[in-house]
Amino acid sequence: MNTASELYQFTKKYGINYNTNEEKGILLFNSFLQSFPKTTFTFSFIGFHKYESIKKQEGLTAYGISGNILYALSKQKAYKYNLYQCKEISGKKKLNGIRLSLVFDSETININLGFADGNLVLSALKKAGKK
């Protein structure tokens, strides 16, 4: 997938778009593709990056997986994470949805997926992180 529409439609099809409407989702993925040009993605989803609480997070974030790299574009900045270097990938159900945790040597990344299919996203991240 390498267009904003394809990336958004994928998230919509699998219900991993944080209930983002099509217009907002395509705008989000247009910005995402501008940050990561010439990259073809095999998986995409929408969530909240570096989520600690409602007041401490980086806003609605577009994510994409290509090879073993997780790409993320929040309202604050763009990120690339090599999933080979991830020590642990886990998920927990909370009252307000699914929280993913990616543990690296230097930091732990928390992602709030809302009420999306956390198992689907977890499976994709784990598959991309296998050596």
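As shown above, the structure is provided for reference.
Residues numbered from 1 in each chain as written. Predicted model: local features only at pLDDT ≥ 70, side-chain atom pairs only at ≥ 80, totals over all residues. Heavy atoms only, no water.

## Quick word on the overall build of the protein chain
When helices and strands are tallied, the protein chain shows three helices and seven strands. Element order for the protein chain, N to C, with α for helix and β for strand: α-α-β-β-β-β-β-β-β-α. For 131 residues, the compact-globule estimate of 2.2 N^0.38 gives 14 Å, and the protein chain sits close to it at 13 Å. Seen through its principal axes, the protein chain has C-alpha atoms that stretch 35 × 35 × 25 Å. Out of the 131 residues belonging to the protein chain, those deemed buried represent 50%. A separation threshold of at least 6 residues defines the contact pool for the protein chain, and within that pool the share at least 24 residues apart is 47%. (Helix = DSSP H or I, 4+ residues; strand = E, 2+ residues; numbered from the N terminus. Rg over C-alpha atoms; globule rule 2.2 N^0.38 Å. Buried < 20%, exposed > 50% of the residue type's maximum accessible area, 1.4 Å probe, protein only. Contact = heavy atoms within 4.5 Å.)

## What about the sheet that holds strand E3 (residues 69–73)?
In space, the seven strands of this open sheet follow the order E4-E3-E2-E1-E7-E6-E5, with antiparallel pairing throughout. The strands lining the two open edges of the sheet, one partner per strand, are strand E4 (78–82) and strand E5 (88–94). On average, each strand axis in the sheet is tilted by 30 degrees relative to the strand beside it, whichever way the strands run. With five bridges joining them, strand E2 (residues 60–66) and E3 adopt antiparallel strand pairing. The partner of Tyr63 across the bridge, within E3, is Ala72. Its contacts with the sheet place helix H2 (residues 22–35) against strand E1 (43–49), E2, E3 and E4, and it is angled at close to 55 degrees to E2. (Pairing = 2+ DSSP bridges. Axes fitted to C-alpha atoms, helices over the stretch in contact; angles between N-to-C directions.)

## Some thoughts on the pairing of E4
Across the two faces of E4 the burial differs, with Tyr79 and Tyr81 buried and Ala78, Lys80 and Asn82 not buried at all. Pairing between E3 and E4: five bridges, direction antiparallel. By the bridge assignment, Ile69 is partnered in E4 with Asn82. Where E3 folds back onto E4 in an antiparallel hairpin, the turn is made up of four residues.

## Points about the pattern of salt bridges
Throughout the structure, instances matching the rule amount to two salt bridges. The residue Asp105 makes a salt bridge to Lys87 at a minimum N-O spacing of 2.9 Å. Taken as a pair, Asp105 in the loop between strand E6 (97–103) and strand E7 (108–114) and Lys87 in the loop between E4 and E5 lie far apart in primary sequence, 18 residues in all. A residue is classified by how much of its surface remains accessible, and Asp105, at 65% relative accessible area, is exposed. When its relative accessible area of 59% is taken as the criterion, Lys87 is described as exposed. (Salt bridge = Lys/Arg side-chain N within 4 Å of Asp/Glu carboxyl O.)

## Digging into the environment of Phe36
The topology assignment puts Phe36 in the loop between H2 and E1. Residue class for Phe36 comes out buried when judged on its relative accessible area of 5%. Considered as a pair, Phe36 and Gly97 are 61 residues apart in the sequence and their alpha carbons are 28 Å apart. With residues near it in sequence (within four places) discarded, Phe36 still touches Phe41, Tyr71, Ala72, Leu73, Ala78, Tyr79 and Lys80.

Shape is all these values report; function is a separate question.
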